[in-house]
Structures are given as C-alpha cells and as structure tokens.
Amino acid sequence: MLLDKCIINAKVYSMEKEDSVFEAFSIYDGKIIECGSNEEILKNPAKEVIDIKGKTILPGFIDAHQHLLYYAQQIQTIKLSDTKSWDEVKEILKEKASNTPEGEWIHGVGFDHQAWPDCSLPTRKELDEISKEHPIMIDRYCLHVHVLNSEALRVAGITRDYKPKVDNTMQVDENGEPTGILWDSAIAPVLDILPNPLNSFEAKKEAIASILKDMNRYGITGTQPTQGKIVDSEEFIGIYQDLEKENRLTVRMYVNFDELPCFGIKTGFGNEKVKYGFYKIYNDGNLGSRSAAMLEPYSDKPDEIGILNYSVEEINEMCQKAYDMDIQIGIHAIGDRGLDVALRAIEEVYKKNPKKDPRFRIIHAYITNENLIQRMKKLPVILDIQPNFVATNIKWSEDRLGPKRVKYAYPWRRLIDEGLILAASSDLPVEHYNPFFGIHAIVTRKNRDGFPEDGWYPEQRVTPYEAIEMYTKNAAFASFEEKIKGTISKGKLADFIVLDQDPFKIDIDQLKDVKVEKTFLGGEEVFSIF
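Definitions and cut-offs
- Residues numbered from 1 in each chain as written.
- Predicted model: local features only at pLDDT ≥ 70, side-chain atom pairs only at ≥ 80, totals over all residues.
- Heavy atoms only, no water.
- Pairing = 2+ DSSP bridges.
- Helix = DSSP H or I, 4+ residues; strand = E, 2+ residues; numbered from the N terminus.
- Axes fitted to C-alpha atoms, helices over the stretch in contact; angles between N-to-C directions.
- Salt bridge = Lys/Arg side-chain N within 4 Å of Asp/Glu carboxyl O.
- Buried < 20%, exposed > 50% of the residue type's maximum accessible area, 1.4 Å probe, protein only.
- Core = buried A, V, L, I, M, F, W, Y, C linked by side-chain atoms within 4.5 Å.
- Contact = heavy atoms within 4.5 Å.
- Parallel < 35°, antiparallel > 145°, perpendicular 65-115°, else oblique.
- Left-handed = near helix turned anticlockwise from the far one by under 90°.
- Nonpolar A, V, L, I, M, F, W, Y, C, P; charged D, E, K, R; others polar.

Draft legend 1. Local environment of the sheet that holds strand E21 (residues 421-424). Taken in spatial order, the eight strands line up as E8-E15-E16-E17-E18-E19-E20-E21 in an open sheet, and their pairing is parallel. Looking at which strands have only one partner, the edges of the open sheet turn out to be strand E8 (61-66) and E21. The mean inter-strand angle of the sheet, taken between neighbouring strand axes irrespective of direction, is 25°.

Draft legend 2. A look at the pattern of salt bridges. Applying the stated rule across the entire model yields 43 salt bridges. For the salt bridge of Lys90 with Glu129, the shortest nitrogen-to-oxygen distance reads 2.9 Å. Residue Lys90 is found in helix H3 (residues 86-98), and its partner Glu129 is found in the loop between helix H4 (124-128) and strand E11 (136-140); the two are separated by 39 residues along the sequence. For Lys90, a relative accessible area of 16% puts it in the buried group.

Draft legend 3. Fine view of the nonpolar core. Core analysis: the largest hydrophobic core is formed by 103 residues, its most contacted members being Ile362, Leu383 and Trp412. It is helix H10 (residues 336-352) that provides the largest number of residues to this core, a total of seven residues. Not counting the four nearest positions on each side in its chain, Trp412 is found in contact with His364, Ala365, Tyr366, Ile385, Val390, Leu422, Ile442, Arg445, Gln460 and Val462. Listed in part, the 19 residues of the second largest apolar core include Val89, Ala97, Phe111 and Ile130.

Draft legend 4. Structural detail: the pairing of strand E14 (residues 178-183). Most of E14 is tucked away: six of the six residues are buried. By the bridge criterion, three bridges tie strand E12 (residues 145-148) to E14 in an arrangement that is antiparallel. Within E14, the position partnered with Val145 by the bridge is Trp183. Two elements, strand E13 (residues 170-172) and E14, share two bridges in a ladder whose sense is antiparallel. Looking at the pairing, Val172 lines up with Pro178 of E14. Linking E13 to E14, which pair antiparallel, is a turn of five residues; within it Gly176 sits at a positive phi near 85°.

Draft legend 5. Quick look at the packing of H10 against helix H11 (residues 370-377). Where H10 meets H11, the closest approach of the two axes is 11 Å, and the angle between their N-to-C directions is 30°. Comparing their axes, H11 and H10 come out roughly parallel. For the element pair H10 and H11, the recorded crossing hand is left-handed. Residues Asp336, Leu339, Asp340, Leu343, Arg344 and Glu347 of H10 form the contact with H11, whose participating residues are Leu372, Arg375 and Met376. Here the residues of the contact of H10 with H11 sort into four nonpolar, no polar and five charged.

See below:
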C-alpha cells in the first residue's frame, strides 16, 4: 500500500499515557496507520514524507464547550472586552451613538465590571447619559447579565409590571422601577426585537468559517458548540453540514442544544465531521454577576443567594425526558446549590434506570463542597471546566465566597485525585479559545500577568500532562469519540499539531507563550505559519 504521508523526526506525545512518546507515524485516508521509530515507519513507501526536525507533536486540541455562533455575532457588535473602567465604556458608546441614526440599536458586548476600579454595574441612568434617542444594551462577558437604557426598556415593553419567567432576574429600585439590569431569561423580550448583525444563513456560515480557520491557528481540530437561547446564543447544525459539503469545515463539530428534538434523533447521529451532541440545561447563573445559585448567601452581598432558572421538579423532568430519548445530558451548574440540584436530577434518573455509560456532563462545577464531591464520585459524570476562569476570576472570587468556601472553588487537583474526568474548554466568547491560555492558568494558578506570584491556592495546580489531557483525550471521551480521536494512535483520525516548544520541558510560566506551527485535520494541513 502506498501511504499518503509519513511524519518523521518528531517528538510525538501520543497522550495515550504519560510516557508514550515516539518519533514517527504514517497516515492513509485521513487516519493513522502505524506509530513508531523513523526506521519502522519508513519501511513502507508514501506519497509524502514530512520531516518535523525534532519539533513536538500533540493530538489536535478539542474545545469541549463554546457558544460559537454567538461569538460570530458578537464580533459584529461593539467590543467592550478590553475596557478598564465605566468611563472608557461610556466614551466608546458615545462615539458610536454620535454616528448612529436615532432609533437604531447600540449593542456593546464583553465588559467585565469586576475589572473596573469600583466593580459596580451601571444602570439605565448611566446609559441614559449616553443617549435617550437610541435603545442601548450592553452584555457582560459571561452572557448572564445585561444592562439597558430607558429607551431599550421602553421598546422592549419592560416596565415595573414586567414579570420575568424566573423570580429575581430583573433588578428594581426602591420605587419598584426597573434599573435596567436583567439576568438570564429576563432578557427574552429584548431578544425578540434586537436586530441580528448576521441576519442571513449565508452571513452566519461565512462568519463561522472564518472563525474556524482562526481556531486552527491555535491547534484546535474539534469543538463542541452549544446553543443557549436563554442567553441569546443560537446554533444551527446545518451551517456545519454545509461547510462540510463545501469542503470548508476545518474543525470537527459536536453540536449541542438547549431544546430537545421533536423527532427520534439520538446523541452521536452524524459522521466524523459533524455530530448531534447533548441536551444542555441552564440551571443557574454566573459567579461574577452573583446569579450562580448558592447554598448560603454571597459573602460580599449577604442579601443575595443567586438564582435557579428552573424549579427542582422542572430540572428533574427535563433530565428524565432527555434520558429516555437516549440524549446525553449536560447541566450548567456554577454555584454549590446549582450543583446540588444538578446532581439530584442525575441521581434520580440514573437510579431508576442505570443505563450503560450515559456520561452525564456537568458544565462548570466551580463551587463544590465535601458532600458534592463524594456524590459526583459515585456517578458517571464528566466535568466540563474552563481552566482560564481561574486566571480571570482570581482577584474577586474570595470576596464572593469567603475564606471557607473559596477552598472548594475551582478545585481541579482535588477532583482529579478523586478520580473524576475533566474536559477543558474556553466557553467562547467568555474566554479566548487559545488552549495554551487555559493550560497555563490551570497549571500555574496565575493570570497571564503572573499574578499571584506563588499561584492562587497552588495546592490545586495540575500537571502539564493533566491539563493537555483535558483538551485532548478527555474532551474526546466527553463526546463518546475516544475511539476515533483525542490521541495519536493506530486507527485514529490523523488530527495533530506541531509546536514551537515542548510544553512538558519548559518552565510552566512559559506555557501561555507556546505557539502552534502547523495543524493537521485528517492528515491534511489546515494551518501553517510557514
């Protein structure tokens, strides 16, 4: 047999196990045929021999949780993610308003009030100072909190009489009037009228294709985009199917939705490029906006305890319905009360009918306690975590949680030691999709500025191997695809990357600076810096 490619003179970390390293492998029809030494691989002829010249090769990275189409739309709006103060946001929005016809929407995204000097959310009054002639909305980077001016509230029909589906998701002042701050599903009336910057299927498709090519630049060969209508984040599996037909899909997709299908499709339907994935339940909110559901009040705001988007009974019913349909379940749970409710639902459906290998997924699982950890150990759960959140949230997490609870926040070392499987992701657009940012954060427990010098609760650090495992074989396992991808092994898809440095040999503080030189999908080069 004439092989397609032989990859030689490399340092290949298969990620099958920690000491699995070899120097060459061969490819035919998009899959890996053999792995071994240069001599062994070159015994069989190939159309192309690629000399890697001693560089490091890893399996392609898989981002286990993203909101991809929302990110594509966000790029078309006003970027606020780099702002360091409300005054800076105000100037950006004023500039936009001065060049926008009256009555047209002004939509800014990505701000983080925790990065501002006073850490306070603005209200409609501050937005009204920018313009009363334009409806204005700004979204926090987490997607869970939104602020509207008076004109936006008016055109959306949001008054003191508005009753959100979930209690305590609209802030009101001492007179009962809306302040303009809305959480999660309370934003629904706005989403019904907000203009979509990508208003056609073709526009969405072209935007997605461009982003996927950029992901290849960072070594990503697989991702798991997830719909969240509750946070204005749609997905269309047909976009990825079209890109595949056009031979433009450069990342493998496992697409997830927060609504169940009306026909008998099951998890895994599709092919090696595009598959139907899990059913996501948005259980609680977000720690930064204090909407994550907590068992005890927030330490820095004792009158708040977070929100649940559904009752316990509704969550149980949603889980049961998906479980009976053989659809994988993923539950968003950030607060410890949110996690408790998620585990109760999983415990109930699994105890009734312990199916073989259901692989329940807990999205985030940030705030734990001893009881929750022990319960997770007894269940077939996978934790979809976002390593870079440690870096982003370092400066304020202890204020939110207090010294006792914070020791159970982002406890990745402990969870690994307890035998739980962790898959890593960016939660795009919340964090950038460069996996080495997340790897650096979870290995060092520092942000990219090197703070704090000794790491934040450094006893919870993981090793570089464990971190990379989360972006490769663990992420493949989360989507039932560990037999076809996630490691560089005989018979698996030839998805791999070439790096400029060996992440297992450099100082851990340098992990954030590792660059991808080449990315291959199914044995075909989809990115090269050369």
